[in-house]
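# Close look at the chain arrangement
Listed below, chain by chain, are the residues.
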Amino acid sequence: MDIQVPTVVLDGTVLSILSKEDTYGYVITKTVQEHLNISESTMYPVLRRLKKNNYLTNYDEPFEGRIRRYYHITDEGVARLEEIRTAWSDFDKSVNALLEGE
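Residues numbered from 1 in each chain as written. Predicted model: local features only at pLDDT ≥ 70, side-chain atom pairs only at ≥ 80, totals over all residues. Heavy atoms only, no water.

### Points about the pattern of salt bridges
Oppositely charged side chains can pair when the atoms bearing their charge come close. Applying the stated rule across the entire model yields four salt bridges. Across the pair arginine 69 and aspartate 60 runs a salt bridge whose closest N-O atoms are separated by 2.9 Å. Residue class for arginine 69 comes out partly exposed when judged on its relative accessible area of 43%. Overall, the relative accessible area of 38% leaves aspartate 60 in the partly exposed class. The residue glutamate 82 makes a salt bridge to arginine 85 at a minimum N-O spacing of 3.1 Å. Of this pair, glutamate 82 and arginine 85 are both found in helix 4 (residues 75-99), three residues apart, which corresponds to roughly one turn of the helix. (Salt bridge = Lys/Arg side-chain N within 4 Å of Asp/Glu carboxyl O. Buried < 20%, exposed > 50% of the residue type's maximum accessible area, 1.4 Å probe, protein only. Helix = DSSP H or I, 4+ residues; strand = E, 2+ residues; numbered from the N terminus.)

### Some points on the packing of aromatic side chains
The tally for this structure, following the rule as stated, stands at three aromatic pairs. Ring centres of tyrosine 24 and tyrosine 70 lie 5.5 Å apart, and the angle between their planes is 75°; this geometry places the pair in the edge-to-face category. Of the two residues, tyrosine 24 sits in strand 1 (residues 23-24) while tyrosine 70 sits in strand 3 (residues 66-73), which places them 46 residues apart along the sequence. Relative accessible area serves as the criterion here: at 18%, tyrosine 24 is assigned to the buried category. Assessed through its relative accessible area of 18%, tyrosine 70 is described here as buried. Here tyrosine 59 and tyrosine 70 contribute two aromatic rings whose centre-to-centre distance is 5.7 Å and whose plane-to-plane angle is 10°, an arrangement assigned as stacked. In this pair, tyrosine 59 sits in strand 2 (residues 56-63) while tyrosine 70 sits in strand 3, placing the two residues 11 residues apart along the sequence. The class for tyrosine 59 is partly exposed, based on a relative accessible area of 31%. By the ring-pair criterion, three or more aromatic residues cluster together here, those being Tyr24, Tyr59 and Tyr70. In this structure, arginine 68 is placed above the aromatic ring of tyrosine 24, and the distance from its NZ or CZ to the ring centre is 3.9 Å. (Phe/Tyr/Trp six-rings, centres within 6.5 Å; stacked < 30°, edge-to-face > 60°. Lys NZ or Arg CZ within 6 Å of the ring centre and 35° of its normal.)

### Quick notes on helix 3 (residues 40-52)
Each full turn of the α-helix corresponds to 3.6 residues, which orients residues three or four apart in the same direction. Along helix 3, the positions that sit buried rather than exposed are Met43, Val46, Leu47 and Leu50. Each buried residue of helix 3 lies within a common arc of 100° when the element is viewed along its axis, so the set occupies one face. Structural note: helix 3 exposes Ser41, Arg48 and Lys52 on the side pointing more than 90 degrees away from its buried face. Of the surrounding secondary structure, the elements contacted by the buried residues of helix 3 are helix 1 (7-20), helix 2 (25-33), strand 2 and strand 3. Backbone geometry just downstream of helix 3 places asparagine 54 in the positive-phi region, at approximately 65°. (Arc of directions from axis to C-beta. Contact = heavy atoms within 4.5 Å.)

Structure, rendered in C-alpha cells:
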C-alpha cells in the first residue's frame, strides 16, 4: 500500500539532505527515493517552492562540460527544518499511539 507523501514531509526531507551538504537535484531525488516512493518529476517543484520561500538558494557549477545546479539551505531553511522536525515528532507519536492502540 502506498501512502501519499505530504508536501511538508517532502520539504523536510529536502531540507534535511541539504543541511548536511550542498548537492544537486538528481542526488536529492535519488536519496529521497531510497526511502520514499516518489517520482523524479515530484522533486523539482519542491525545490522551486523551497527556493521561492527563501528556504534554499542555488548556484551553478561546471561538470564534465555541462552545468550542474547545486542547492544550498539558507538560515530560514534551517529554521523551517527544525519546525518540521518538531511537528513530525508530535505527529509520529500521535499516529503511533492510535495505530498501536494506546
